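Fold and geometry: a report
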Amino acid sequence: MSAELTKAKANWQLYYTLTQEMLKFIDRDDVDEFLELEQQRSELVERMKALPETEDYRKTAECQELVQKIKPLDMQVVYKAKAWLNRSRQQNATVHAYDIQGVNKLGNIFNKKY
């Protein structure tokens, strides 16, 4: 196996590991670490795209087996990230609505003429 093909294999393995780690941190609701890992994985993808041997390795049975492990994990990451984002938006909207109501009530009290 050439050095480049070995590197491609290592990159795919790292992608798998980063995906597993991302799931752990989103399950713990550690969004900062999740986003850091996502950034690392995005940078890895760019390196993989720049390495022609990535596609050569992808055609191997060994990589296809790894891809079959990665796909469901990727789907879980997307699902859980969307769920977290929706929860976050709902919490934000609730807090924002409460802030607006609070301000309006106070404003109304202060603006009344007794």
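Residues numbered from 1 in each chain as written. Predicted model: local features only at pLDDT ≥ 70, side-chain atom pairs only at ≥ 80, totals over all residues. Heavy atoms only, no water.

Overview of the environment of Phe34
- You can see Phe34 is positioned in helix α2 (residues 31-50).
- With 47 residues separating them along the chain, Phe34 and Ala81 place their C-alpha atoms 9.3 Å apart.
- Discounting residues that sit within four places of it in the chain, Phe34 has contacts with Met22, Phe25, Ile26, Val77 and Ala81. (Helix = DSSP H or I, 4+ residues; strand = E, 2+ residues; numbered from the N terminus. Contact = heavy atoms within 4.5 Å.)

Here we look at the nonpolar core
- Trp12, Phe34 and Ile70 are the most contacted members of the largest nonpolar core, which totals 21 residues.
- Among the secondary structure elements, those contributing two or more residues to this core are α1 (3-27), α2 and α4 (61-111).
- If you tally residues by element for this core, the top one is α1, at nine residues. (Core = buried A, V, L, I, M, F, W, Y, C linked by side-chain atoms within 4.5 Å. Buried < 20%, exposed > 50% of the residue type's maximum accessible area, 1.4 Å probe, protein only.)

Some details on the confidence of the model for the protein chain
- Residues at a pLDDT of 70 or more form 80% of the protein chain, whose mean pLDDT is 86.
- Least confident of the elements in the protein chain is α4, whose mean pLDDT is 78; most confident is α1, at 96. (pLDDT = per-residue confidence, 0-100.)

Regarding α2
- Compared with the 28 Å implied by 1.5 Å per residue over 20 residues, the 29 Å span of α2 between its first and last C-alpha is a close match.
- Residues Val31, Phe34, Leu37, Arg41, Leu44 and Met48 constitute the buried set of α2. Taken around the axis of α2, the buried residues stretch over an arc of 135 degrees, which confines them to a single face. More than 90 degrees from the buried face of α2, the exposed residues found are Asp32 and Ala50. (Expected span 1.5 Å × (residues − 1). Arc of directions from axis to C-beta.)

Regarding the environment of Lys49
- For Lys49, the location among the structural elements is in helix α2.
- Exposure remark for Lys49: the relative accessible area of 63% places this residue in the exposed category.
- Separated by 41 residues in sequence, Lys49 and Ala8 place their C-alpha atoms 10.0 Å apart.

Quick notes on a negative patch on the surface
- Together, Asp32, Glu33, Glu36 and Glu43 line one region of the surface with negative charge.
- Topologically, Glu43 is positioned in helix α2. (Patch = residues over 30% accessible without salt bridge, like charges linked within 9 Å, V, L, I, M, F, W, Y side chains within 5 Å. Areas by Shrake-Rupley, 256 points an atom, 1.4 Å probe, with all protein chains shown as cover. Salt bridge = Lys/Arg side-chain N within 4 Å of Asp/Glu carboxyl O. Lys, Arg positive; Asp, Glu negative; His and termini not counted. Charge placed at Lys NZ, Arg CZ, Asp CG, Glu CD.)

Describing the packing of aromatic side chains
- Taken as a whole, this structure holds one aromatic pair when the rule is applied.
- When the ring centre of Phe25 is taken as origin, the NZ or CZ atom of Arg28, which lies over that ring, is 5.0 Å away. (Phe/Tyr/Trp six-rings, centres within 6.5 Å; stacked < 30°, edge-to-face > 60°. Lys NZ or Arg CZ within 6 Å of the ring centre and 35° of its normal.)

Focus on the pattern of salt bridges
- Enumeration over the complete set of coordinates arrives at six salt bridges.
- Its salt-bridge partner being Arg41, residue Asp74 comes within 2.7 Å of it at the nearest N-O pair. A residue pair is termed long-range when its members are at least 10 positions apart, and Asp74 in helix α4 and Arg41 in helix α2 qualify at 33 residues.
- In this structure Arg41 comes out as buried when scored by relative accessible area, which is 12%.

Here we look at the side chain of Thr54
- Inspection of the secondary structure assignment puts Thr54 in helix α3 (residues 53-58).
- For Thr54, a relative accessible area of 6% gives the class buried.
- Setting aside residues up to four positions removed in sequence, Thr54 forms contacts with Ala8, Trp12 and Met48.

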